[in-house]
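Structural characterization, general
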Amino acid sequence: MNIIPKNLLDPFGTSVVTDYSRLFTELGLQPIGNLVSRIKHPNRYLRRGIDFAHRDFDKVLEAFKRGEKIAVMSGIKPTNEFHLGSKMTAEKIIFFQKEFKAKVFYCIADLESLVDNQIALDEATKIAIDNVADILALGLDPKNAYIYRQSEEKRVMNLAFLFSRKITLNHLQSLYGERQLGLYFAAFTQAGDILLPQLPEFGGPKIVLVPIGCDQDPHMRLTRDIVSKVKDQFNFIPPTSIYHKFFRALNGEAKMSKRDPMSFLILNDNIELAKKKVMNCVDGGKKTAEEQRRLGGEPEKCVNYELALFHFVEDDEHLKRIYEECKTGKRLCGECKKEVAEIMAKFLRKHQKKKKNMIKKATKILTKQSV
Ligand code: SF4
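Numbering of residues begins from 1 in every chain and follows the order in which that chain's sequence is written. This being a predicted model, a pLDDT of at least 70 is required before a residue's local features are given, and a value of 80 or more before pairs of side-chain atoms are given or counted; all residues contribute to the totals for chains, interfaces and linings. Hydrogens and water molecules were not included; the side-chain quantities draw on all heavy atoms of the structure.

1. Points about the site of the ligand
What counts here: Throughout this document, a residue counts as near a molecule or strand when at least one of its heavy atoms sits within 4 Å of that molecule or strand. Only protein atoms enter the 1 Å grid used here. Points where a 1.4 Å probe fits but cannot escape make up a cavity, open sets with protein on both sides within 12 Å along at least five of seven lines make up a pocket, and a residue lines them when an atom lies within 4 Å of a point. The rule for placing a molecule in a cavity or pocket is simple: more than half of its atoms must lie within 2 Å of the grid points. Comment: elements are numbered from the N terminus, with helices defined as DSSP H or I runs of at least four residues and strands as E runs of at least two.
With respect to spatial proximity, the complete set of residues near the ligand consists of D283, G284, G285, Q292, C302, N304, Y305, C326, R331, C333 and C336. The cavity where the ligand resides is the largest cavity. Going through the elements one at a time, α13 (303–312) and α15 (333–356) are the ones with two or more residues in the shell around the ligand.

Now the structure itself:
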């Protein structure tokens, strides 16, 4: 039985955030604001305010300036093929790996998919190989990364057990609501993942950055609480985090639904099918071409515009042109969607070709354990 009060974010899957500003007041997240100007080559998520909030991200920038080693921690629950949400997190990890020369810790959360989604470990490994091939094709440098399966990383398990002794049921309920015990233990395991990079065998205490969607914040709060409670045993530095806004489903819903495959794009999609999905997505156009020419469209309501903003139009000037031409009625939705669909198709073709060559490497990474 899961009872999650409305004001809580649910990192296990059902949260929808419509008012991001409440997260600053209710959770104490900080706005990214002008920290972006301190990054040499900000990526499009930072430039466009998609990464909008943080905890201690300024400390990451300071540590980088001092020449300290930084780690980036992230992972994936192996339940699905890579969709645009997984692509966004992966691109952020890769960006921080390059920009801060950070070592990436990438966890395959197969225990969580077992507890939360009843996916057997063998099946999870097959999905994970496909996921890892995606992230490698997107540009992750495996030489500066530690990619591991949660079920195989005993240090994470040991940390999770230790942490579970320090936290009460009340504390867990205040962060996660009333959940099955397995999910609470999955949360301790996540805390173990987040703090793994600070163990002596990985070079000891360091700044660790966790790029996440804001629904994952309860894990950050739990982990930061744990750090203060295990001070006598570990010299952990509280982990830092950076939060992105959510990309809507193609049908305009806040979350994609597995039941409606036309509502989301996956990186394995057949190109023609993917184009069809874009052409069918919810837009902000008017009922007739005449009306649109006269009154302009509403890019703020348009998923096609979101596709350009979040994912496919890299050039800021190009994006601005789409926005202005839409607002002034210079462009109509059909031609606009066709343009975005073509850019997306080009990306997918290139990505799928690269990914084919990464399957072998991904299999090797996930079937050996090291360090
Ligand atoms: Fe969206 Fe383009 Fe139509 Fe504007 S013209 S509403 S950006 S599809």
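Read on for the rest.
2. With respect to a positive patch on the surface
Put simply, the rule is: Like charges within 9 Å and nonpolar side chains (Val, Leu, Ile, Met, Phe, Trp, Tyr) within 5 Å are joined into patches, using only residues over 30% in relative accessible area that form no salt bridge. Using a 1.4 Å probe, accessible areas were evaluated by the Shrake-Rupley method; residue-level cover was limited to the displayed protein chains. Every case where a carboxyl oxygen of Asp or Glu lies within 4 Å of a side-chain nitrogen of Lys or Arg is listed as a salt bridge. Only four residue types enter the charge count, namely Lys and Arg as positive and Asp and Glu as negative; His and the chain termini do not. Note on charges: their place is set at NZ of Lys, CZ of Arg, CG of Asp or CD of Glu. Type-normalised accessible area, obtained with a 1.4 Å probe on protein chains alone, sets the label of each residue: buried when under 20%, exposed when over 50%, and partly exposed for intermediate values.
A cluster of basic residues, K98, K346, K350 and K354, forms a positive patch on the protein surface. Among the elements that line the positive patch, the one with the most residues is α15, at three residues. Assignment of secondary structure puts K346 in helix α15. Look at K346 and you get exposed, because its relative accessible area is 62%.

3. Things to note about helix α11 (residues 271–279)
Selection criterion: Summarising the geometry, the arc corresponds to the directions from the helix axis toward the C-beta atoms. The contact definition used throughout considers only heavy atoms, calling two residues in contact when any of these lie within 4.5 Å. Throughout this description, a polar contact denotes any pair of N or O atoms lying within 3.5 Å of each other; where both atoms belong to protein, one of them has to be capable of donating a hydrogen while the other can accept it, and for residues adjacent in sequence the pair is counted only when both atoms sit in side chains.
Listed as buried for α11 are I271, A274, K275, K277 and V278. What you see down the axis of α11 is that its buried residues fit within an arc of 155°, all on one side. α11 presents E272 and K276 as exposed residues on the side facing more than 90 degrees away from its buried surface. Buried residues belonging to α11 abut α13 and α15. The N-capping residue of α11, defined by a side-chain oxygen 2.9 Å from the backbone nitrogen of E272, is N270.

4. Looking at empty space enclosed by the protein
Basically, it comes down to this: Grid points are joined across faces, edges and corners, and a volume is the space filled by probe spheres set on the points. Note on residue classes: Ala, Val, Leu, Ile, Met, Phe, Trp, Tyr, Cys and Pro are nonpolar, Asp, Glu, Lys and Arg are charged, and everything else, Gly too, is polar.
All chains considered together, the criterion is met by one cavity of 30 Å³ or more. Taken as a whole, the largest cavity encloses approximately 120 Å³ of empty space. What lines the largest cavity is a set of 17 residues, among which C302, N304, C326, C333 and C336 lie closest to the centre. Counting residues per element, the ones that place at least two in the lining of the largest cavity are α13, α14 (316–327) and α15. Considering every element that reaches the lining of the largest cavity, the biggest residue donor is α15, with three residues. Here the residues of the lining of the largest cavity sort into eight nonpolar, five polar and four charged.

5. Some remarks on the packing of aromatic side chains
Put simply, the test is: Under the pairing criterion, centres of Phe, Tyr and Trp rings, with the six-membered ring standing for Trp, must be within 6.5 Å; the plane angle then separates stacked pairs below 30 degrees from edge-to-face pairs above 60, leaving the rest tilted. Sitting over a ring, as applied to charges here, requires NZ of Lys or CZ of Arg to be within 6 Å of the ring centre and within 35 degrees of the ring normal.
One pass over the structure, following the stated rule, counts 16 aromatic pairs. Grouped by ring-pair contacts, the aromatic residues F57, F64, F95, F96 and F100 constitute a single cluster. The aromatic ring of Y45 is capped on one face by R44, whose charged end is 4.9 Å from the ring centroid. Cation over ring: K277 sits above F264, and NZ or CZ is 5.5 Å from the ring centre.

6. Concerning the sheet that holds strand β6 (residues 207–213)
Paired through backbone hydrogen bonds, the strands of a sheet run either parallel or antiparallel to each other. So the rule is basically this: Two strands pair under a simple rule: DSSP has to find at least two bridges between them. Lines fitted to C-alpha atoms define the axes here, with helix axes fitted over just the stretch in contact, and angles between the N-to-C directions of these axes take values from 0 to 180 degrees.
Strands sit in the order β1-β2-β7-β6-β3-β4-β5 across an open sheet of seven strands; the sheet is mixed. Sheet topology places β1 (30–31) and β5 (145–149) at the edges, where each strand pairs with a single neighbour. The pairing of strand β3 (residues 70–76) with strand β4 (residues 103–108) spans six bridges and is classified as parallel. Paired with A71 across the two strands is K103, which belongs to β4. Its contacts with the sheet place helix α10 (residues 217–229) against β2 (51–55), β6 and β7 (240–244), and it is angled at close to 170° to β7.

7. Quick notes on the packing of α13 against α15
Applicable threshold: Should an angle fall under 35 degrees it is called roughly parallel, over 145 degrees roughly antiparallel, and 65 to 115 degrees roughly perpendicular, with every other angle called oblique. Helix crossings fall into two classes, left-handed where the near helix is turned counterclockwise from the far one by less than a right angle and right-handed where it is turned clockwise.
It is at 10 Å that the axes of α13 and α15 come closest, and there the two elements cross at 30°. In terms of their interaxial angle, α13 and α15 are classed as roughly parallel. You can see that α13 and α15 cross each other, and the crossing is left-handed. Contact residues: N304, L307, A308 and F312 in α13; C336, K337, V340, I343, M344 and F347 in α15. Of the residues contributing to the contact of α13 with α15, the split by class is eight nonpolar, one polar and one charged.

Interpretation in functional terms is not warranted from these geometric data alone.
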